[in-house]
Amino acid sequence: MMPLAALAGFLDELPLVATLGTALLCALVLGFVGAPLTAWTALAAVLLFGFGAPTWLLVAFVIAALVMLVPVVRTAVVSAPVMHLMRKLEFLPTISGTERTAIEAGTVWMDGELFSGFPDFERLMGQPMAKLSDDEQAFLDGPCEEVCRMTSDWEVTLRHDLPSEVWAFLRAHGFFGLIIPKAYGGKGFSQSAHSAVIAKLASRCMPLAITVMVPNSLGPAELLNHYGTQAQKDHYLPRLARGDEIPCFALTEPAAGSDAGSITSHGVVFRDKDGQIKISLNWRKRYITLAAVSTVLGLAFKLRDPENLLGKGTDPGITCALVPSKAQGVVLGRRHDPMGVPFFNCPTEGHDVVVGVDAIIGGEAGVGNGWRMLMECLAAGRGVSLPASSCGGARKSARVAGAYAAVRKQFGLPIGRFEGIHEPLARIAGNAYLLEAARRYTCGALDQGAKPAVVTAMAKWAFTEVARTTVNDAMDVVGGAGISRGPRNTLANTYIATPISITVEGANILTRTLMIFGQGAIRCHPFAYKEIVAAAAGDASAFDAAFWGHVGHVVRNGSRALLLSLTRGRLAGSPIDGPLVPYARKLAWTSASFAFLADVAMASLGGDLKRKETVTGRFADVFAWMYLATATLRRFEADGRPAAELPLARWSLETAFDRIQHAFDGIYANLPVPGLSWLLKGPVAFWSRTNRLGGAPSDDLVNDVATAIQQPGALRDALTAGTYLPPSDEPGLGRLEHAFTLCVAAEAPLKAIKNAVRAKVLPKDDPLRLVEQAVSHGVISAEDGQLVRQAEQARADVIEVDAYDLDSYLAPDSEPAPLGTLDVRSDSLVS
């Protein structure tokens, strides 16, 4: 008792305000470090002695301390009544069976760190980035490059299909078996290689990318690889790898889109006349990619077994099966027209299609497990296909817009010199850097076996939304050259296809408002799901551990959020050195604020939180941009902190924190907290606006980034690595790249001519009309003169757009002719 008595005497000597301040500071320190309950008990004892508390209060404190410090007593006296009260008030959300399966699918990865409020930066920064093996790189440089060369995006548009020789090449070189193990004749590629292939194909032709993407994503090969019986694997996987079988997977229905659990397609178990157990299937599906050309159809349906012939009950639930496309009763042969993008996207129906039990993926063990299979595969798959195609589109946009801005002239200057063009150019370049960082970061985790369902949902949403912004900006930069379709057009088809990626694999509105935070708050929170499960089971002991862990979690994150805000993250330290240290500290600050506010939202809204979608959407914005910021930090560190890439990294991070700040502003203004909403809307919001995480990138930084992609060299090549670059004589990107190289090289001799005009060595005139005189006066060499002429010829060529013969485009007294019959003129100044 002597130390406590001495401390009590010390506190007694202090003025009351100083005593309270000291107590508050001690509490904040304990909260900041996440001190255990025993430390809080000791602090409370010191304060009571210091204030000379009466005996009855000390006795009450001792009793309360004993109750709280002894788990068995605490559970019986406190936790169990709290649990029963929460159940009675329906405070905790009710989770359906399908929701539970979705929440439990996959794993928690860096999303758990960011949601914790106290992220382990050594873990975040130690995550391996995507890396290709020698075989994978050879495939990317060989067959992948070759099939891009074989495919003309414009010709595919006219034909509404890939050429037959491209289909044959894809089969012959194993493009349909990228994810199938080598033991079954597939490539056995990593997710990083799968992603890199799709990104490269998408930079050339979106239908080509989609045709390869679908057999390697959620579908028969993926499902068989993880859940198929040995007999199913032995039969199907080699045939799928060779392309002898073309698969599709039928999930979406007219009344079951994002709510895939509400499918009405059904199968009924029965015995046929020979006594064999069979399944009669009926379905009506739509938006099924490759269905019309498929040979095997993966089908998700609800299985019913009225006589319990399979021993799994009369209503086993969602099941997946493989159905031969030529089976009696299968209806194919039609296709949708998704935005005019000519990939096979089709409806399909099945009427009394009879299959054996061995058609169920996994055999009898797969009965009723279809939903779990789908959710577990999507937990990884959402992070590969659409993010890869988005990344490919963003890289191509950067390559095209940067070159066009340097080549196209208005008012006597390349348009890329105007600051109004700098803004979209910076967004294009910064977004391309950001998405590639996140692609490599995410695929690196997938290669290690992670299946982070929330991260991949964030990836699907963030990549497709950022890619949409990027291609929109690129279209603005190229102007009329972007809207005039034909073989010269480099961006229109990418732009037109963008809404497709926004819609599929979980529409972005639903993904943002329901999945990322609505489910992420339960899946990634260290205690919330444990509390829900324990309360539902009536397990008071498990609830006690989760509930009091949650209380400590809130206290710690509240303390961290306050102190990190006051110090602008400096108390967090940084696991990295170099120029990005301030951003790492901001990320720790953001994580603490996000985690604390998430608990405030859960406490104030309870089970209604998932229905407050404007609120969950703003939390999703913070969560997703934290993920993108983390990936950017990791990329810069993993690449060795290249000085040339620093402006791109800074632009990406400043944009991320600006978006996060905007989302926080919306949360403070709209989060309903009984009795305390005024505090968030008033003092807290004011402090947040005054002490902002960050603002939009400065004009100087925007100019630096925009300039970077208008210069040939290592930085531009690194930013757009993986983009297919056509031959220099091919209309479109090939000729644009050729003109870009020439025009940039010609800048020096043109500048010499202008200087000679200023020095009155040459007469005042358009520099292009002074080339001959400049050569004769020795201002520039003959070689430089030839370079200027070639550059101007190339410039004149690439700013031309395609035109069509009027008679064939619109015949008299008829509707406009289909695109496939147009007579396209692509006359060029350079052969």
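Residues numbered from 1 in each chain as written. Predicted model: local features only at pLDDT ≥ 70, side-chain atom pairs only at ≥ 80, totals over all residues. Heavy atoms only, no water.

Over its 26 residues, helix α32 (residues 733-758) extends 36 Å from the first C-alpha to the last, a length consistent with the 38 Å expected when each residue adds 1.5 Å. Of all the bends in α32, the greatest, near 35°, is centred on Glu 747, and the proline Pro 749 appears no more than four residues after it. (Helix = DSSP H or I, 4+ residues; strand = E, 2+ residues; numbered from the N terminus. Expected span 1.5 Å × (residues − 1). Bend = angle between axes of the 7 residues up to and from the residue.)

Within the structure shown, the criterion is met by four cavities of 30 Å³ or more. Taken as a whole, the largest cavity holds about 180 Å³ of empty space. Taken together, 17 residues form the lining of the largest cavity, with Ala 481, Arg 488, Asn 489, Thr 490 and Val 798 sitting closest to its centre. Of all the secondary-structure elements, those providing two or more residues to the lining of the largest cavity are α18 (385-407), α21 (480-483) and α32. Taken together, the residues of the lining of the largest cavity sort by class into eight nonpolar, five polar and four charged. (1 Å grid on protein atoms, 1.4 Å probe; cavity = no way out; pocket = protein on both sides within 12 Å on 5 of 7 lines; lining within 4 Å. Points joined across faces, edges and corners; volume = space filled by probe spheres on them. Nonpolar A, V, L, I, M, F, W, Y, C, P; charged D, E, K, R; others polar.)

The interhelical angle for the contact between helix α5 (residues 71-89) and helix α25 (residues 540-566), taken along N-to-C directions, is 90°, at an axis separation of 8 Å. With respect to their mutual orientation, α5 and α25 come out roughly perpendicular. Where α5 abuts α25, its residues Pro 71, Arg 74, Thr 75, Val 78, Ser 79, Ala 80, Val 82, Met 83 and Met 86 lie against Ala 540, Ser 541, Phe 543, Asp 544, Phe 547 and Trp 548. Residues belonging to the contact of α5 with α25 are distributed by class as follows: 10 nonpolar, three polar and two charged. (Axes fitted to C-alpha atoms, helices over the stretch in contact; angles between N-to-C directions. Parallel < 35°, antiparallel > 145°, perpendicular 65-115°, else oblique. Contact = heavy atoms within 4.5 Å.)

Attention shifts here to a nonpolar patch on the surface. A cluster of nonpolar side chains, namely Leu 37, Leu 69, Val 70, Val 72, Val 73 and Val 77, defines an oily patch on the protein surface of about 470 Å² accessible area. For the nonpolar patch, the leading source of residues is α5, giving three residues. Its location among the elements puts Val 72 in helix α5. Exposure remark for Val 72: the relative accessible area of 67% places this residue in the exposed category. (Patch = residues over 30% accessible without salt bridge, like charges linked within 9 Å, V, L, I, M, F, W, Y side chains within 5 Å. Areas by Shrake-Rupley, 256 points an atom, 1.4 Å probe, with all protein chains shown as cover. Salt bridge = Lys/Arg side-chain N within 4 Å of Asp/Glu carboxyl O. Buried < 20%, exposed > 50% of the residue type's maximum accessible area, 1.4 Å probe, protein only.)

Below, the discussion takes up the confidence of the model for the chain. Across the chain, the average pLDDT comes to 92, with 95% of residues at or above 70. In this model, residues 812-831 is a region of pLDDT below 50 whose contacts with residues beyond four sequence positions or in other chains number 38 contacts. (pLDDT = per-residue confidence, 0-100.)

Let's shift gears to the environment of Arg 372. Within the secondary structure layout, Arg 372 lies in helix α17 (residues 370-381). If we ignore the near neighbours within four places in the chain, the residues touching Arg 372 are Thr 101 and Tyr 227.

Turning to the packing of helix α20 (residues 453-478) against helix α23 (residues 508-523), a few remarks are in order. Pairs of packed helices are described in terms of their axes, by the angle between the two and the distance that separates them. Interhelical geometry of α20 versus α23 gives an angle of 155° and a closest axis separation of 9 Å. Overall, the two elements α20 and α23 adopt an arrangement that is roughly antiparallel. Here α20 and α23 pass one another in a crossing that is left-handed. Facing Val 454, Ala 457, Met 458, Lys 460, Trp 461, Thr 464 and Glu 465 of α20, the residues of α23 in contact are Asn 508, Thr 511, Arg 512, Met 515, Ile 516, Gly 520 and Arg 523. The residue inventory of the contact of α20 with α23, partitioned by class, reads six nonpolar, four polar and four charged. (Left-handed = near helix turned anticlockwise from the far one by under 90°.)

The next point concerns a negative patch on the surface. Taken together, the side chains of Glu 419, Glu 423, Asp 699, Asp 700 and Asp 704 present a region of like negative charge at the surface. Put simply, the parts of the chain that give the negative patch at least two residues each are α19 (419-447) and α30 (699-708). It is α30 that provides the largest number of residues to the negative patch, a total of three residues. The residue Asp 699 is located in helix α30 in this model. Among the residues examined, Asp 699 registers a relative accessible area of 56% and is labelled exposed. (Lys, Arg positive; Asp, Glu negative; His and termini not counted. Charge placed at Lys NZ, Arg CZ, Asp CG, Glu CD.)

What follows concerns the packing of aromatic side chains. As enumerated under the stated definition, the model contains 16 aromatic pairs in all. Ring plane angle 75° and centroid distance 6.0 Å describe the contact between Phe 517 and Phe 594, whose orientation is recorded as edge-to-face. Linking Phe 517 in helix α23 with Phe 594 in helix α26 (residues 581-605), this pair joins segments that are 77 residues apart in sequence. Here Phe 517 and Phe 594 have matching classes, each one buried. (Phe/Tyr/Trp six-rings, centres within 6.5 Å; stacked < 30°, edge-to-face > 60°.)

As for its position among the elements, Thr 494 is in helix α22 (residues 492-503). Excluding anything up to four places from it in sequence, Thr 494 contacts Gly 393, Lys 396 and Val 471.

The next subject is the pattern of salt bridges. Summed over all chains, the structure comprises 33 salt bridges. The partner of Glu 730 in a salt bridge is Arg 204, and the shortest N-O contact between them spans 2.7 Å. Of this pair, Glu 730 sits in the loop between α31 (714-719) and α32 while Arg 204 sits in helix α13 (residues 191-204), placing them 526 residues apart in sequence. Residue Glu 730 is classed as partly exposed on the basis of its relative accessible area, which comes to 22%.

Tracing the sequence through the fold places Ser 280 in strand β3 (residues 277-289). Taking the C-alpha atoms as reference, Ser 280 lies 15 Å from Lys 326; in sequence the two are 46 residues apart. If we ignore the near neighbours within four places in the chain, the residues touching Ser 280 are His 266, Gly 267, Val 268, Phe 270, Asp 352 and Val 353.

A few words on the state of the cysteines. Taken as a whole, this structure holds zero disulfides when the rule is applied. Cys 391 provides the cysteine sulfur closest to Cys 443, a residue in no disulfide bond, and the two sulfurs are 9.1 Å apart. The structure places no disulfide on Cys 524, whose sulfur is separated from the nearest cysteine sulfur, that of Cys 443, by 19 Å. (Disulfide = S-S within 2.5 Å.)

Its 25 residues place the ends of α26 36 Å apart at the C-alpha level, agreeing with the 36 Å of an ideal helix rising 1.5 Å per residue. Taken across its 25 residues, α26 has 21 buried, putting it largely inside the fold. Directly beyond the C-terminal end of α26, a positive phi value near 55° is found at Gly 606.

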